[in-house]
Amino acid sequence: MSIFEAQEFDDHEKVLFVNEPSVGLRGIIAIHSTTLGPALGGCRMWPYETEAAAIRDVLRLSRGMSHKAAILDCGLGGGKSVIIGDANSQKTPALLQSMGRFIDSLNEQYITGEDIGTSPDDMREIRKSTRCVSCLHKKDGGLGDPAPLTALGVYGAIRAGLVSVTGSAGLDGVTVAVQGVGNVGTNLCQLLHDAGAKLFVSDVDPARVDNAVSVFGATAVAADDIYTANADVYSPCAMGATLNDDTIPSLNARVVAGAANNQLDAPRHGEMLAERGIAYMPDFVANGGGLVSCAAEWYRDGEDEVRKNVEKIHETCLTIIERAEQTGTTTAEAAVRIAEERIARGRNDD
Ligand code: NAD
């Protein structure tokens, strides 16, 4: 396949193929942009069926990271890396350390972190050969689990969505349907409950639902019924693609904001939501607290500063809503445009 002609190629600055047969490492590091800072993005380990699939994924994901970092204004560019292989059977300390040496050869242009198939423990292993690692456990000098900060960002996004449809960011008496009460969802329920919201929750794990019912007085809803719950807000905090042809027509909510990645099944579903007058807070902004936390880890910001930066997600969402209204685009498109403008401005300032 020709990388320069690939649909996912977007003038990426650098694409490095890494290969160390003695440890079974085959991978790719893609740096989309370092205009606004070092390119940060997780290291995905996945048994891609073809090299072309791995290339497409790393190009697409690294570009997405540039947009995410730019819209969150966190002093980072966008990158991503992939290791081709089965994380359960092929991941070894030697392989991870080898990946670290390749990352180190990029002289701080790329910073890695956890992703599908890698964990904070793997980051500790990679860090044996490079300092360009984020998302570390607290005991390893990192900021630890980003879920509470991700939840705080989602909370700010929900409040921005409410401003756009009701004129008020207040949560007292507002009803929120939280899909998935795992790490982020439970932290989010706590924030919403403290602010006076009424909760509906669903999860495929009954113990997690029971916990939300007993701790937050939430109403349990069957997994498939969360979309039609009589709630003001739908907050997807489980898996992607839940905003699709089947679910959007039945949504009762007027605001959608959650932590899950890739919530829109296809870009046109952003238009479907807008046509129904539903304020959709783009997933890569709403769930940006984790990335802001990784940025803070890299720049060694204190915990108060990180929190303040995550709280800015609320303002960022308001800016996106305003731009979408002014330009007649969806919020997702408006967010990407603002991000691209920031990157272009940064390039011109160089
Ligand atoms: P988690 O695994 O702790 O929680 C996910 C929960 O969703 C689990 O309790 C799971 O049982 C539940 N679930 C799975 N399928 C479901 C279904 N069909 N209906 C209802 N519930 C279902 O994960 P998390 O860390 O809380 O992350 C939640 C989502 O947010 C994930 O998609 C993740 O990729 C994304 N995200 C997380 C972070 C973070 O900081 N943890 C940052 C950005 C994005």
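Counting restarts for each chain: residues are numbered from 1 in the order of the written sequence. The predicted nature of this model means local features are confined to residues of pLDDT at least 70 and side-chain atom pairs, given and counted, to a pLDDT of 80 or more, with totals for whole chains, interfaces and linings taken over all residues. The side-chain figures draw on all heavy atoms in the structure; neither hydrogens nor water molecules are used.

Asks: Any chance you could break down the domain arrangement of the protein chain for me, citing the residues and the numbers?
Replies: The split of the chain into domains comes from an automatic or database domain assignment. What the domain assignment reports for the protein chain is domain 1 (3-65 + 77-140) and domain 2 (147-288 + 317-339). The centre of domain 1, based on its C-alpha atoms, is set 30 Å off from the matching centre of domain 2.

Asks: Lay out the environment of arginine 124 in plain terms, naming residues and giving numbers.
Replies: Secondary structure elements are taken from DSSP: a helix is a run of H or I of four residues or more, a strand is a run of E of two residues or more, and numbering for both begins at the N terminus. With respect to the helices and strands, the residue arginine 124 is situated in helix H3 (residues 120-126). Each residue's exposure class comes from its accessible area (1.4 Å probe, protein chains only) as a fraction of the maximum for that residue type: buried when under 20%, exposed when over 50%, partly exposed otherwise. On the basis of relative accessible area, arginine 124 is assigned to the partly exposed category, the value being 31%. Counting along the chain gives 18 residues from arginine 124 to glycine 142, while the straight-line C-alpha distance between them is 10.0 Å. Any two residues whose heavy atoms approach within 4.5 Å at even a single point are treated as in contact. Sequence-distant contacts of arginine 124, that is, excluding residues within four places in its chain, are made with Leu136, His137, Lys139 and Asp140. N or O atoms closer than or at 3.5 Å make up a polar contact, with two conditions inside protein: a donor-capable atom paired with an acceptor-capable one, and, for residues adjacent in sequence, both atoms drawn from side chains. Reaching out from arginine 124, the side chain makes a polar contact with the side chain of aspartate 121 at a distance of 2.9 Å.

Asks: A description of the sheet that holds strand E11 (residues 255-256) should follow, citing residues and the corresponding values.
Replies: At least two bridges found by DSSP between two strands are what make those strands a pair. Spatial strand order, E9-E8-E7-E10-E11-E12: six strands in an open sheet with parallel pairing. Edge positions in the sheet fall to strand E9 (219-220) and strand E12 (279-280), since each of these pairs with one other strand and no more. Taken together, the four bridges between strand E7 (residues 175-179) and strand E10 (residues 233-236) define a ladder with parallel strand orientation. Across the sheet, residue valine 178 finds its bridge partner in E10, namely serine 235.

Asks: Go over the site of the ligand with me, naming the residues and quoting the values.
Replies: The near set for a molecule or strand comprises every residue that places at least one heavy atom within 4 Å of it. By nearness alone, 19 residues border the ligand, and Thr150, Val184, Asp203, Arg208 and Ala238 come closest of all. One of the backbone N or O atoms of alanine 259 is found 3.2 Å from an oxygen atom in the ligand. Within the side chain of asparagine 261, one N or O atom sits 3.2 Å away from an oxygen atom of the ligand. Here the ligand has 820 Å² of accessible area as a free molecule, and 71% of this is covered by the chains. For the shell around the ligand, the secondary structure elements donating two or more residues are helix H4 (147-166) and helix H5 (183-194). All accessible-area figures derive from a Shrake-Rupley calculation using a 1.4 Å probe, and residue coverage is judged against the displayed protein chains alone.

Asks: With reference to specific residues and values, describe the pairing of strand E2 (residues 25-33).
Replies: The element E2 is extensively covered by neighbouring structure, given that eight of its nine residues are classed as buried. Two strands pair when backbone bridges link them, and strand E1 (residues 14-20) and E2 are joined in this way by seven bridges, in the antiparallel orientation. The residue bridging glutamate 20 from the neighbouring strand is leucine 25, located in E2. Connecting the antiparallel pair E1 and E2 is a turn made up of four residues, with glycine 24 showing a positive phi of about 75°.

Asks: Can you explain the packing of aromatic side chains? Please cite residues and give values.
Replies: Two aromatic rings from Phe, Tyr or Trp, using only the six-membered ring of Trp, form a pair when their centres are within 6.5 Å; if the ring planes differ by under 30 degrees the pair is stacked, by over 60 it is edge-to-face, and anything between is tilted. The final tally for this structure, using the stated rule, is two aromatic pairs. Measuring from centroid to centroid gives 5.4 Å for phenylalanine 4 and phenylalanine 9, while their planes differ by 85°, and the two rings are edge-to-face.

Asks: Describe in detail the layout of surface pockets, supporting the description with residues and values.
Replies: Using protein atoms alone on a 1 Å grid, points that fit a 1.4 Å probe yet trap it form a cavity, whereas open point sets bounded by protein on both sides within 12 Å along at least five of seven lines form a pocket; residues with an atom within 4 Å of a point count as lining. Grid points are joined across faces, edges and corners, and a volume is the space filled by probe spheres set on the points. Put simply, the second largest pocket is a space of about 260 Å³. Asp145, Pro148, Leu149, Glu303 and Arg307 are the residues nearest the centre of the second largest pocket, which is lined by 16 residues in total. Of all the elements in the fold, those that place two or more residues in the lining of the second largest pocket are H4, H5 and helix H10 (303-327). Among the elements that make up the lining of the second largest pocket, the one with the highest residue count is H4 (four residues). Amino acid classes used here: Ala, Val, Leu, Ile, Met, Phe, Trp, Tyr, Cys and Pro are nonpolar; Asp, Glu, Lys and Arg are charged; the rest, including Gly, are polar. Per-class residue counts for the lining of the second largest pocket are eight nonpolar, four polar and four charged.

Asks: Quick rundown of the state of the cysteines? Include the residues and the values.
Replies: By definition, a disulfide links the sulfur atoms of two cysteines through a covalent bond. Disulfides are defined in this document as cysteine sulfur pairs within 2.5 Å. In the structure shown here, the tally under the stated rule is zero disulfides. Unpaired in terms of disulfides, cysteine 74 finds its nearest cysteine sulfur in cysteine 294, a separation of 9.2 Å. Residue cysteine 74 is classed as buried on the basis of its relative accessible area, which comes to 11%. No disulfide involves cysteine 135; its sulfur sits 3.0 Å from that of cysteine 294, the nearest cysteine. Residue class for cysteine 135 comes out buried when judged on its relative accessible area of 14%.

Asks: Describe in detail empty space enclosed by the protein, supporting the description with residues and values.
Replies: The rolling of a water-molecule-sized probe over the atoms marks out the regions of remaining empty space. Going through the model one piece at a time under the given rule, you end up with one cavity of 30 Å³ or more. Along the walls of the largest cavity sit Cys135, Gly144, Pro146, Gly290, Ser293, Cys294 and Glu297, which together make up its complete lining. Partitioning the lining of the largest cavity into residue classes produces three nonpolar, three polar and one charged.

Asks: Can you break down the pattern of salt bridges residue by residue, with the values?
Replies: Pairs may arise between side chains of opposite charge once their charged atoms sit close together. A side-chain nitrogen of Lys or Arg and a carboxyl oxygen of Asp or Glu constitute a salt bridge if their distance falls within 4 Å. All chains considered together, the criterion is met by 18 salt bridges. A salt bridge links lysine 80 to aspartate 115, with the nearest nitrogen and oxygen atoms 2.7 Å apart. One end of the pair, lysine 80, is in strand E5 (residues 77-84); the other, aspartate 115, is in the loop between strand E6 (110-111) and H3, and 35 residues separate them in sequence. Aspartate 115 shares its class with lysine 80; the two are buried.

Asks: Break down the packing of H10 against helix H11 (residues 331-349) for me, with residues and values.
Replies: Every angle, taken between N-to-C directions, lies between 0 and 180 degrees, and every axis is a line fitted to C-alpha atoms, over only the stretch in contact when it is a helix. Where H10 meets H11, the closest approach of the two axes is 8 Å, and the angle between their N-to-C directions is 105°. As the angle between them shows, H10 and H11 are arranged roughly perpendicular. Facing H10, whose interface residues are Thr319, Ile320, Ile321, Arg323 and Ala324, H11 presents Thr331, Ala334, Ala335, Arg337, Ile338 and Glu341. Looking at the contact of H10 with H11 residue by residue, the class counts come to six nonpolar, two polar and three charged. Roughly parallel covers angles under 35 degrees, roughly antiparallel covers those over 145, roughly perpendicular covers 65 to 115, and oblique covers all other angles.

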